[in-house]
Amino acid sequence: MRILLGIGSADDSLQALERTAERAAEADDEVTVAIIDDDGPRGVGEIEAAVDGTLDGWGITAEIRHVESETDPGSELVEIAESEGFDRIVIGGGTTSPMGKIQLGSTAEFVLLNSHVSVTLVR
Amino acid sequence: MTRDRGYPEAIAGPFEGPPRTFEDRAGRTIEIRAHDGSNEEYEALASMYIEFDPADRAQGIPPSQEQRVREWLEAILGEDCLNVIAWDDGTAAGHATLVPDGDAYELAIFVLQAYQEAGIGTRLLKTLLGYGAEEGVEKVWLTVERWNKPAVGLYKKIGFETSDAESFELEMGIRLADAHDDD
């Protein structure tokens, strides 16, 4: 399966990365990682290092690219997935508020509402 | 997630803090008290949430399994949080909580199904805000699912204003006091 993993800097993205790599190692998925600079808790360099470390850890390779759009990364993810024939988009399943409520970011919301490619939210 | 949240300029209230006693619309005598930190109250709340109808969960809380309910309760009953509980004798009928989030507090409120639509939620909410004001809380925010019209209506009536309407959930805020920078 051709997977497009969209990740930003929050913890749920790192969890999605880990699970996607784990599954790819078992199922021989072809993974492309799209890194989104979301101005969050981790910079792009730190996200790239996490991606390299996780892929190495599971012994898989993946194409790594950067989502250019700062204003509308969700739209660009959907565009990439649809125009390049991906089977699935994988994204993080949301962060939690101090209260423990799950909150989806605007990128996840856009992808869920607009993608014609199946979407997996990782929890 | 750190976001700039909007709050009304005007101060809402005043709201009366706990304890408060009233008769609900079903004729039950309900007492709202601040959580006293006891294990008995913790267990009564755990029972309430274990019994909670999954249809009334919001954004993943209360959690669905007992172990997770207990972990969640231990976090939101912590010393830096403010909690009020509505009691029907020894039964916890409702619970509202303020959890610190930077210079503001996040609010959540739950009323057990058998006690809904009896006026308990409104009083619980006002009493919590009164408690918050007494304890120096300045700003409170919450999220609510936009299709939950009764809840949105209640929050507006009390003085919450919508600060973010672009997500799946509405975000609303209220101001209980002016900012004080001197402490």
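A brief report on the enclosed structure follows. Quick caveat, the model's predicted, so the values are computed rather than measured.

### Some thoughts on the interface of chain A and chain B
Here is step 1 of the chain: In this assembly, 12 residues from chain A lie in contact with 20 residues from chain B.
Here is step 2 of the chain: Regarding the contact of chain A and chain B, the summed buried area is about 1,400 Å², with carbon and sulfur atoms giving 59% of it.
Here is step 3 of the chain: Counting across the interface, chain A meets chain B through 0 salt bridges.
Here is step 4 of the chain: Scanning the region where chain A abuts chain B turns up 6 residue pairs in polar contact (both at pLDDT 80 or more).
Here is step 5 of the chain: Of all the elements in the fold, those that place two or more residues in the side of chain A that touches chain B are strand E6 (102-103) and helix H4 (106-114) of chain A.
Here is step 6 of the chain: At 3 residues, H4 of chain A tops the list of elements feeding residues into the side of chain A that touches chain B.
Here is step 7 of the chain: Taken together, the residues of the side of chain A that touches chain B break down into 6 nonpolar, 4 polar and 2 charged.

### Notes on helix H1 (residues 11-27) of chain A
Residue and element names in this part refer to chain A.
Here is step 1 of the chain: In this model, H1 (17 residues) spans 24 Å end to end at C-alpha, consistent with the 24 Å of a helix rising 1.5 Å per residue.
Here is step 2 of the chain: Packed against the buried residues of H1 are strand E1 (2-7), strand E2 (30-36), helix H2 (44-58), strand E4 (88-92), strand E5 (95-96) and strand E7 (118-122).
Here is step 3 of the chain: Residue Asp-28 follows H1 closely and has a positive phi angle near 60°.

### What about the pairing of strand E5 (residues 104-111) of chain B?
Residue and element names in this part refer to chain B.
Here is step 1 of the chain: Burial analysis of E5 places 7 of its 8 residues in the buried class, the great majority of the element.
Here is step 2 of the chain: Judged from the 8 bridges that link them, strand E4 (residues 91-101) and E5 form a sheet pairing that is antiparallel. Residue pairing for E5: Asp-101 is matched across the bridge by Ala-104.
Here is step 3 of the chain: Here E4 hands over to E5 after 2 residues, with Gly-102 in that stretch at a positive phi of 65°.
Here is step 4 of the chain: In this sheet, strand E6 (residues 139-145) lies alongside E5 in parallel orientation, the contact comprising 2 bridges. Paired with Glu-106 across the strands is Trp-141, a residue of E6.

### Points about the sheet that holds E2 of chain A
Residues and elements named next belong to chain A.
Here is step 1 of the chain: Pairing within the open sheet is parallel, and its 5 strands lie in the order E3-E2-E1-E4-E7. Each edge of the open sheet carries a strand with a single partner, namely strand E3 (63-67) and E7. On average, each strand axis in the sheet is tilted by 25° relative to the strand beside it, whichever way the strands run.
Here is step 2 of the chain: Pairing geometry for E1 and E2, over 6 bridges, is parallel. Paired with Leu-4 across the bridge in E2 is Thr-32.
Here is step 3 of the chain: Strand contacts of H2: E1, E2 and E3, with the helix running at about 160° to E2, the strand carrying the most contacts.
Here is step 4 of the chain: Packing against the sheet, helix H3 (residues 73-83) makes contact with E1, E2, E3 and E4, and its axis sits at approximately 140° to E3.

Procedures and definitions
Residues numbered from 1 in each chain as written. Chains lettered and ligands numbered in written order. Predicted model: local features only at pLDDT ≥ 70, side-chain atom pairs only at ≥ 80, totals over all residues. Heavy atoms only, no water. Contact = heavy atoms within 4.5 Å. Buried area = accessible area lost by both parts, 1.4 Å probe. Salt bridge = Lys/Arg side-chain N within 4 Å of Asp/Glu carboxyl O. Polar contact = N/O pair within 3.5 Å; in protein donor to acceptor, adjacent residues only side chain to side chain. Helix = DSSP H or I, 4+ residues; strand = E, 2+ residues; numbered from the N terminus. Nonpolar A, V, L, I, M, F, W, Y, C, P; charged D, E, K, R; others polar. Expected span 1.5 Å × (residues − 1). Buried < 20%, exposed > 50% of the residue type's maximum accessible area, 1.4 Å probe, protein only. Pairing = 2+ DSSP bridges. Axes fitted to C-alpha atoms, helices over the stretch in contact; angles between N-to-C directions.

Interpretation note: all reported values are geometric properties and have no functional meaning in isolation.
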